[in-house]
Amino acid sequence: MRYDEAKKKMSDIGQPHVFDYYDELSDDQKADLLRQVEETDFSVLSKIEQGADDKRGVFSPLAAMQCSEIEAREKEFHDAGVKAIKAGKTAALLLAGGMGTRLGSDDPKGMYDIGITKPVYIFERIISNLLDVVKETDTWIRLFIMTSEKNHDKTVAFLKEHDYFGYKADRIVFFRQDMAPACDFNGKLYLESKNRISTSPNGNAGWYSSMVRAGLDKILADEGIEWINIFAVDNVLQRICDPCFVGATVLADVSVGAKVVRKAAPDEKVGVMCLEDGKPSIVEYYELSEDMMNAKDENGDPAYNYGVILNYLFRISELASVADDKMPLHVVKKKIPYMDENGNEVKPNEPNGFKFEQLVIDMIHQLETCLPYEVKREKEFAPIKNRTGVDSVDSARELLKYNGVEL
Ligand code: UTP
């Protein structure tokens, strides 16, 4: 894009300041800024005035497959899962594009060392969990790792340096997710340097469109992969592509399997699996009405009782119908590093603006059917969001020790 075109594009949307330092830039820096202006989708900024896409439909309960049923049918599920994995029909996808701002480390979250007497990295724990299945099934499961522009190089270098924690390098594929611009509370774009507009990863639903843009749907098709288990980087206990979960989802013949945990309390702050206008969905804890909180199923148990843990097994053939433009865009208050008017880099301690994200939970709602699959929270749910307190390094360490992991 030429300078005059780019300047007009940004002036037309009320953001001419993006070029305030243009005359000071080198030729490469100028080209970099012009490329960013050309490639970035600034239409997300209009979302601030439009307000949130929070109109919801009619909720009704969606029964989960409970641990008791899973235990009773364990062999059937396990055998079906091993068969699918051995046939190469299942891949894993690590969502590692997030910024991990709550943990507050400058490095990618997976590089965080949660060890006590020796180094134990988050990536190491995750890969070790997947390696259990590789060993059991004698199959190197294809592992995709989604990073972002912000953390890609560090992530790739770190994993290489650690020899991928025992994973086979040629079974791993890295790709970068797309980015969205970030702005202050008035919608004014932040600059992160004189030649770069502040951007942030476009949310954890960005994985499918980013994968397709990177041409990786070809690998899925060429290798006959039919299911993809996407999972968050920060849950150090979760099982990935575990045969029982894979088998139960395949046999249920659904669009997606979702790992869920029984809520610890009726008002626990987790998104709960349900139906919305008859389609699978997730109702946020703050959207649960008093009636929904007190509703009971036919066994007398709470009807909205199973929280999602960001571990889903998607049937790939149905993903093509999931359209980016049908998914709501969430405007999220976050801490956004920026360059001030004196050219100094500022790292705010409090949220100072908006990021724009699409979320996996909204993908689920575009699919027809879902199997909520119960896992025991003390065995499979140890998310690390914060350093201390709830969902923290401390709470995850306790749970890892409880499960016999040496730290
Ligand atoms: P979180 O919602 O916890 O976000 O991500 P985060 O960015 O890691 O952390 P905070 O909110 O800044 O503290 C849940 C999962 O989704 C991934 C994260 O890497 C994590 O595995 N994610 C999130 C992405 O891959 N891309 C995104 O744009 C956002």
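Residues numbered from 1 in each chain as written. Predicted model: local features only at pLDDT ≥ 70, side-chain atom pairs only at ≥ 80, totals over all residues. Heavy atoms only, no water.

K.L.:
Whenever I open this one, the overall build of the protein confuses me. Can you help?
P.N.:
When its secondary structure is counted, the protein shows 14 helices and 19 strands. Expressed along its principal axes, the backbone C-alpha trace of the protein runs to roughly 70 × 50 × 45 Å. Across the 407 residues of the protein, 52% fall into the buried class. Approximately 18,900 Å² of the protein is accessible, and the part contributed by carbon and sulfur atoms is 47%. Counting 52 positive and 70 negative side-chain charges, the protein places the averaged centre of each group 2 Å from the other. (Helix = DSSP H or I, 4+ residues; strand = E, 2+ residues; numbered from the N terminus. Buried < 20%, exposed > 50% of the residue type's maximum accessible area, 1.4 Å probe, protein only. Areas by Shrake-Rupley, 256 points an atom, 1.4 Å probe, with all protein chains shown as cover. Lys, Arg positive; Asp, Glu negative; His and termini not counted. Charge placed at Lys NZ, Arg CZ, Asp CG, Glu CD.)

K.L.:
Which parts of the structure should I look at to understand the packing of aromatic side chains?
P.N.:
Two descriptors summarise a pair of aromatic rings, namely the distance from one centre to the other and the angle between the planes of the rings. Taken as a whole and assessed by the stated rule, the structure comprises 15 aromatic pairs. A ring pair is formed by Phe245 and Tyr373, whose centres lie 5.0 Å apart and whose planes are at 55°; its orientation type is tilted. One end of the pair, Phe245, is in helix α10 (residues 243-252); the other, Tyr373, is in strand β19 (residues 370-374), with 128 residues separating them in the sequence. Summarising the burial analysis for this pair, Phe245 and Tyr373 share the class buried. Among the aromatic residues, those joined into a cluster by ring pairs are Tyr121, Phe123, Phe158 and Phe165. Lying over the aromatic face of Phe185, Lys333 brings its terminal NZ or CZ to 5.7 Å of the ring centre. (Phe/Tyr/Trp six-rings, centres within 6.5 Å; stacked < 30°, edge-to-face > 60°. Lys NZ or Arg CZ within 6 Å of the ring centre and 35° of its normal.)

K.L.:
Looking at this structure, I do not really get the site of the ligand. What am I missing?
P.N.:
Around the ligand sit 21 residues in total, of which Leu95, Thr101, Arg102, Gln177 and Lys385 are the nearest. The separation between a nitrogen atom of the ligand and a polar side-chain atom of Gln177 is 2.6 Å. For the ligand, the accessible surface in isolation is 570 Å², of which the surrounding protein chains cover 91%. When the residues that make up the shell around the ligand are grouped by side-chain class, the tally is 8 nonpolar, 8 polar and 5 charged. (Near = heavy atom within 4 Å. Polar contact = N/O pair within 3.5 Å; in protein donor to acceptor, adjacent residues only side chain to side chain. Nonpolar A, V, L, I, M, F, W, Y, C, P; charged D, E, K, R; others polar.)

K.L.:
Help me understand the environment of Val360, please; the structure alone is not making it clear to me.
P.N.:
Within the secondary structure, Val360 is located in helix α12 (residues 360-364). Placed 130 residues apart in sequence, Val360 and Ile230 show a C-alpha to C-alpha distance of 9.7 Å. Excluding its chain neighbours within four sequence positions, the residues that come into contact with Val360 are Asn204, Ala205, Trp207, Ile230, Leu310, Tyr312 and Phe314. (Contact = heavy atoms within 4.5 Å.)

K.L.:
In this structure, what is going on with the packing of helix α5 (residues 74-86) against helix α6 (residues 122-137)? I would like to understand it.
P.N.:
Each pair of packed helices gets described by two things: the angle between the helix axes and the distance between those axes. Between α5 and α6, whose axes approach to 10 Å, the crossing angle comes to 90°. Comparing the axis directions of α5 and α6 gives the class roughly perpendicular. On α6, the residues touching His78, Val82, Ile85 and Lys86 of α5 are Val133, Glu136 and Thr137. Class assignment of the residues belonging to the contact of α5 with α6 gives a composition of 3 nonpolar, 2 polar and 2 charged. (Axes fitted to C-alpha atoms, helices over the stretch in contact; angles between N-to-C directions. Parallel < 35°, antiparallel > 145°, perpendicular 65-115°, else oblique.)

K.L.:
Would you mind showing me how to read the nonpolar core here?
P.N.:
One broad rule of soluble globular proteins: the nonpolar side chains tend to lie buried together. Formed by 57 residues in total, the largest nonpolar core has its most connected members in Ile114, Phe123, Tyr167 and Tyr373. In terms of residue count, the dominant contributor to this core is α6 (8 residues). Every residue in contact with Ile114, bar those within four places of it in the chain, is listed here: Val120, Ile122, Arg125, Val236, Ile384, Val393, Arg397, Leu400 and Leu407. Of all hydrophobic cores here, the second largest spans 40 residues; its members include Leu62, Ala91, Ile225 and Phe314. (Core = buried A, V, L, I, M, F, W, Y, C linked by side-chain atoms within 4.5 Å.)

K.L.:
Any chance you could explain the pairing of strand β12 (residues 272-276) here in plain terms?
P.N.:
Remember that side chains alternate between the two faces of the sheet whenever the strand is regular. Across the 5 residues that make up β12, a large majority, 5, are buried. Where burial is concerned, the two faces of β12 agree: the one with Val272, Cys274 and Glu276 and the one with Met273 and Leu275 are both buried. Across 2 bridges, strand β1 (residues 59-60) lies against β12 in antiparallel orientation. Among the inter-strand pairings, Ser60 is bridged to a residue of β12, identified as Leu275. Sheet topology places β12 next to strand β13 (residues 279-283); 5 bridges connect them, and they run antiparallel. From the neighbouring strand, Cys274 faces β13, where its bridge partner is Ser281. (Pairing = 2+ DSSP bridges.)

K.L.:
Explain α5 here, please?
P.N.:
Its 13 residues place the ends of α5 18 Å apart at the C-alpha level, agreeing with the 18 Å of an ideal helix rising 1.5 Å per residue. Those residues of α5 that fall on the buried side of the exposure criterion are Phe77, Ala80, Gly81, Val82, Ala84 and Ile85. Buried residues in α5 make contact with α4 (67-72), β2 (90-95), α6 and α10. Downstream of α5 by one or two residues, Gly88 has phi in the positive range, about 75°. (Expected span 1.5 Å × (residues − 1).)

K.L.:
How do you make sense of the side chain of Arg125 when you look at a structure like this?
P.N.:
Inspection of the secondary structure assignment puts Arg125 in helix α6. Although buried, Arg125 forms no salt bridge, and the nearest oppositely charged side chain, Asp132, lies 6.0 Å from it. If we ignore the near neighbours within four places in the chain, the residues touching Arg125 are Ile114, Val120, Val236, Leu400 and Val405. (Salt bridge = Lys/Arg side-chain N within 4 Å of Asp/Glu carboxyl O.)

K.L.:
What's the story with the side chain of Ser209 in this structure? I'm lost.
P.N.:
Considering the arrangement of structural elements, one finds Ser209 in helix α8 (residues 206-213). Here Gly206 takes part through its backbone oxygen, which lies 3.5 Å from a polar atom of the side chain of Ser209. Among all residues touching Ser209, those that are not within four sequence positions of it are Asp178 and Asp324.

Remember, this is a structural readout, not a statement about activity or role.
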